[in-house]
Amino acid sequence: MHDSLMCKMRWTRAVSVAQVAAIHHMYLDFGRIRGRFGMHHVNHPYVGELRIRNVGSRSPKHREQGKKTQIMAKYDNILATVGGTPVIRINNLAPAHVKLYVKVEAFNPMGSVKDRLALGVIEDAERSGKLRPGQTVIEATSGNTGIGLAMVCAQKKYPLVVVMAESFSVERRKLMRFLGAKVVLTPAFQKGSGMLAKAVELAETHGWFLTRQFDNEANADVHSRTTAREILADFDGEKLDYLVTGFGTGGTLKGVARVLRQERPDTKIVVCEPDNSQLLGSGIAQARAADGTITASHPNFRPHPMQGWSPDFISKLAEDAVSMHLIDQIVPIDGNDAMRLSRELAQKEGIFVGITAGAALAGALKLCETAPAGSTILCMLPDTGERYLSTPLFADIQADMNDDEMKISKSTPNYRFDVAPPPAAPAAPVANAVALDKDAVAFVEQAIADPAKPVVMFALEWCEFCWSVRKLFARFKIPYRSVDIDSVEYQAGGRGAAIRAALTAKTSLATVPQIFIGGKLFGGATDLLAAWKQGQLQTALADARVSYEADSSVDPNSFLPGWLQAR
């Protein structure tokens with residue numbers, strides 16, 4: 001590509017070979033006529049409307065530092081942003097005798113390579129008529145495919161049900177539910193094959209569309225149309241000696257490898273898998289029924305930390321890659337190396353990715369040890385590190401300050417947890433009865449004494465301590481009234497401020513929340529949580545004839561804001 005344009009172009013939707021060539025020549029022509037620091041517009045049928053701004057430096061020195069043309073685009077919807085992920089050189093972790101690049105699939109809108117799969121299989125099903133308007137979509141997934149499908153189904157208005165083994169990270173469940181999907185969990189001991197069987201059972205029972213990510217040829221096809229073409233464009237005119245990837249569904253592996261085998265036959269395809277769970281490396285075939293259905297877990301499967309890679313079976317697409325002789329080398333990866341290199345990518349390269357990305361990089365670095373000088377290696381990084389916050393990847397990352405951070409805090413005298421704050425300035429006198437708004441005083445008295453709502457909280461709408469109380473009330477199903485004095489309801493004419501002044505005059509407390517039960521002040525958030533733990537709140541609720549659901553297993557302090565520093 002023309003060196004005055006962005007090195008790694010961003011294709012905004014799936015394109016054919018001819019379309020890639022057309023876009024390529026469009027940019028070459030456009031680069032020749034653009035002004036040195038001008039802004040230009042172009043509409044193209046494959047990428048939509050583009051605004052191209054030359055941000056090239058005025059000096060050759062700055063040009064050498066990588067100042068390139070920025071390409072800004074408008075999209076019809078979020079799905080047009082899938083793909084076009086950047087290729088980035090590894091500078092600090094790679095040995096000097098090779099060029100090591102990574103393709104960072106976390107740049108997809110939902111943060112993983114599976115966004116491509118999700119869009120590809122849904123649009124293929126729409127074209128073929130297998131998926132009807134409004135029909136429920138279902139899939140079994142470790143999370144990333146489900147998150148991608150949740151995005152696609154939200155945009156296209158399909159209900160989505162995701163089946164997932166309970167062993168996969170909790171944040172994946174929450175992301176899918178946040179996107180509107182329903183998540184059905186299966187027991188961990190039944191592994192990936194169990195969640196797949198449950199998805200099939202549900203699809204057959206309810207007439208839902210099963211996307212079949214593990215054997216759906218549309219999965220591999222979308223990678224042949226997009227991922228492979230992006231790689232070819234990114235290394236146009238350059239050699240590419242090795243592509244390093246893992247496998248889960250096998251879609252990336254089969255889809256990319258078959259294109260490179262045809263168009264870049266000198267590129268070696270290297271596949272990584274967990275060293276304690278070598279399925280492809282075992283040479284043992286996957287047990288299947290006559291119709292291709294998986295009948296048992298692979299005998300070599302063992303639990304491993306690389307979520308999304310190497311389920312307990314060899315998928316049909318991965319099996320195809322083996323039978324088509326697309327794999328040149330298989331590299332076993334230690335789970336500890338995968339997690340270490342995920343952290344090192346973040347801390348030494350600034351690239352925030354997950355465990356499988358660390359595993360792929362581990363394979364690439366092993367390859368570097370024997371690769372000839374001058375070799376070029378591309379490594380696929382499947383997803384973002386945010387999918388792993390509740391996994392062993394983050395086990396050593398503390399929420400509270402560590403010793404080094406405490407030492408930094410103590411290097412200056414103030415604003416520390418171990419030092420009492422300076423005495424506060426004398427408080428202004430509490431407004432006397434003459435200054436108080438009579439209507440506000442009456443409102444406070446009426447709210448506290450209302451027999452129909454014996455539990456009342458005076459609060460700020462978005463105060464985290466107020467929300468701690470709300471969470472406790474919700475958890476134990478305690479009915480209450482909340483007077484949110486800073487909300488829109490109480491803003492007109494300064495009514496909220498007048499109510500707060502009346503409340504302060506009554507209780508001599510300037511803080512919120514303030515909770516009353518049966519007409520009596522019970523205290524603030526920490527008072528309430530401590531009272532629940534000691535049984536005093538339950539007694540007060542019973543005296544006020546307020547029903548609730550008791551559960552002694554719940555620690556009320558768990559409702560406090562998570563950012564509170566341990567004292």
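Predicted, not measured: the structure shown is a model, and the values here were computed from it. (Residues numbered from 1 in each chain as written. Predicted model: local features only at pLDDT ≥ 70, side-chain atom pairs only at ≥ 80, totals over all residues. Heavy atoms only, no water.)

### Looking at the overall build of the chain
Part 1 of the argument: Helix and strand counts for the chain come out as 17 helices and 17 strands.
Part 2 of the argument: Across the 567 residues of the chain, 49% fall into the buried class.
Part 3 of the argument: Counting every atom, the chain has about 27,500 Å² of accessible surface; 54% of that belongs to carbon and sulfur. (Helix = DSSP H or I, 4+ residues; strand = E, 2+ residues; numbered from the N terminus. Buried < 20%, exposed > 50% of the residue type's maximum accessible area, 1.4 Å probe, protein only. Areas by Shrake-Rupley, 256 points an atom, 1.4 Å probe, with all protein chains shown as cover.)

### A short note on unusual backbone geometry
Part 1 of the argument: Cis geometry is found at the peptide bond from Val512 to Pro513, where omega equals 5 degrees.
Part 2 of the argument: Here Pro513 shows up in the loop between helix H15 (495-507) and strand S16 (514-517).
Part 3 of the argument: Positive phi, close to 60 degrees, is recorded for Lys191, a residue that is not glycine.
Part 4 of the argument: Take Lys191: it is sitting in helix H6 (residues 191-206).
Part 5 of the argument: Accessibility expressed as a relative area gives 32% for Lys191, which makes it partly exposed.
Part 6 of the argument: For Ser310, which is not glycine, the phi torsion reads 40 degrees and is therefore positive.

### As for helix H11 (residues 355-370)
Working note: α-helix, 3.6 residues per turn, so residues spaced by three or four point in the same direction.
Part 1 of the argument: With 16 residues, H11 extends 24 Å from end C-alpha to end C-alpha; this agrees with the ideal 22 Å at 1.5 Å per step.
Part 2 of the argument: Within H11, 13 of the 16 residues are buried, leaving the element largely enclosed by the surrounding structure. (Expected span 1.5 Å × (residues − 1).)

### Considering the packing of helix H10 (residues 335-349) against H11
Part 1 of the argument: Where H10 contacts H11, the axes come no closer than 7 Å and their chain directions differ by 100 degrees. Classified by the interaxial angle, the pair formed by H10 and H11 is roughly perpendicular. Contacts between H10 and H11 involve Asp337, Ala338, Met339, Leu341, Ser342 and Leu345 on the former and, on the latter, Ile355, Ala357, Gly358, Ala359, Leu361, Ala362 and Leu365.
Part 2 of the argument: Among the residues forming the contact of H10 with H11, the class breakdown is 10 nonpolar, two polar and one charged. (Axes fitted to C-alpha atoms, helices over the stretch in contact; angles between N-to-C directions. Parallel < 35°, antiparallel > 145°, perpendicular 65-115°, else oblique. Contact = heavy atoms within 4.5 Å. Nonpolar A, V, L, I, M, F, W, Y, C, P; charged D, E, K, R; others polar.)

### So, empty space enclosed by the protein
Part 1 of the argument: According to the stated counting rule, one finds one cavity of 30 Å³ or more in the structure shown.
Part 2 of the argument: Each pocket or cavity is described by its volume, and for the largest cavity that value is around 260 Å³.
Part 3 of the argument: Considering the residues around the largest cavity, the lining is formed by 24 residues, among which Val113, Lys114, Thr252, Trp309 and Pro382 are closest to the centre.
Part 4 of the argument: When contributions to the lining of the largest cavity are tallied by element, the ones reaching two or more residues are helix H7 (217-234), helix H8 (251-263) and strand S13 (376-381).
Part 5 of the argument: Among the elements that take part in the lining of the largest cavity, H8 stands out by supplying three residues, more than any other.
Part 6 of the argument: Classifying every residue of the lining of the largest cavity by side-chain character gives seven nonpolar, 15 polar and two charged. (1 Å grid on protein atoms, 1.4 Å probe; cavity = no way out; pocket = protein on both sides within 12 Å on 5 of 7 lines; lining within 4 Å. Points joined across faces, edges and corners; volume = space filled by probe spheres on them.)

### Brief notes about the pairing of strand S15 (residues 481-484)
Part 1 of the argument: Here strand S14 (residues 455-459) pairs with S15 via four bridges, running parallel. Among the inter-strand pairings, Phe458 is bridged to a residue of S15, identified as Val483.
Part 2 of the argument: Once the chain exits S14 it traverses helix H14 (residues 464-475) before rejoining the sheet at S15, and the crossover so formed is right-handed. (Pairing = 2+ DSSP bridges. Right-handed = clockwise from strand over helix to strand, strands pointing away.)

### What about the pattern of salt bridges?
Part 1 of the argument: For the structure shown, the criterion picks out 26 salt bridges.
Part 2 of the argument: Of the charged contacts, one joins Asp484 and Arg470 as a salt bridge, the two residues approaching to 3.0 Å between their closest N and O atoms. Here Asp484, found in strand S15, pairs with Arg470, found in helix H14; they are 14 residues apart in sequence, far enough to count as distant.
Part 3 of the argument: Overall, the relative accessible area of 14% leaves Asp484 in the buried class.
Part 4 of the argument: Ionic contacts of the salt-bridge type, sharing partners, join the residues Glu217, Asp221, Lys254, Arg258, Lys316 and Asp320 into one network. (Salt bridge = Lys/Arg side-chain N within 4 Å of Asp/Glu carboxyl O.)

### Description of the confidence of the model for the chain
Keep in mind that low pLDDT regions are not for reading the predicted coordinates in detail.
Part 1 of the argument: Scored by pLDDT, the chain has a mean of 86; 85% of the residues are at 70 or more.
Part 2 of the argument: With pLDDT under 50 throughout, residues 1-69 is counted as low confidence; its partners more than four residues away or in other chains account for 140 contacts. (pLDDT = per-residue confidence, 0-100.)

### Remarks on the sheet that holds S13
Part 1 of the argument: An order of S4-S5-S13-S10-S11-S12 is seen for the six strands of this open sheet, with the pairing classed as mixed. The outermost strands of the open sheet, each flanked by one partner alone, are strand S4 (87-89) and strand S12 (329-333). This sheet shows a mean twist of 25 degrees between the axes of neighbouring strands, independent of strand direction.
Part 2 of the argument: Relative to S13, strand S10 (residues 242-245) runs parallel, the two sharing three bridges. Bridged to Leu243 within S13 is Leu378.
Part 3 of the argument: H8 contacts S10, strand S11 (268-274) and S13 of the sheet and is inclined by roughly 165 degrees relative to S11.

### Re the packing of aromatic side chains
Part 1 of the argument: In the structure shown here, the tally under the stated rule is 10 aromatic pairs.
Part 2 of the argument: Measuring from centroid to centroid gives 6.4 Å for Phe352 and Phe394, while their planes differ by 90 degrees, and the two rings are edge-to-face. Within this pair, whereas Phe352 is found in the loop between H10 and H11, its partner Phe394 is found in the loop between S13 and helix H12 (403-409), the two being separated by 42 residues in sequence.
Part 3 of the argument: A relative accessible area of 38% places Phe352 in the partly exposed class.
Part 4 of the argument: Site record: aromatic cluster; members linked through ring pairs are Phe476, Trp532, Tyr548 and Phe559. (Phe/Tyr/Trp six-rings, centres within 6.5 Å; stacked < 30°, edge-to-face > 60°.)

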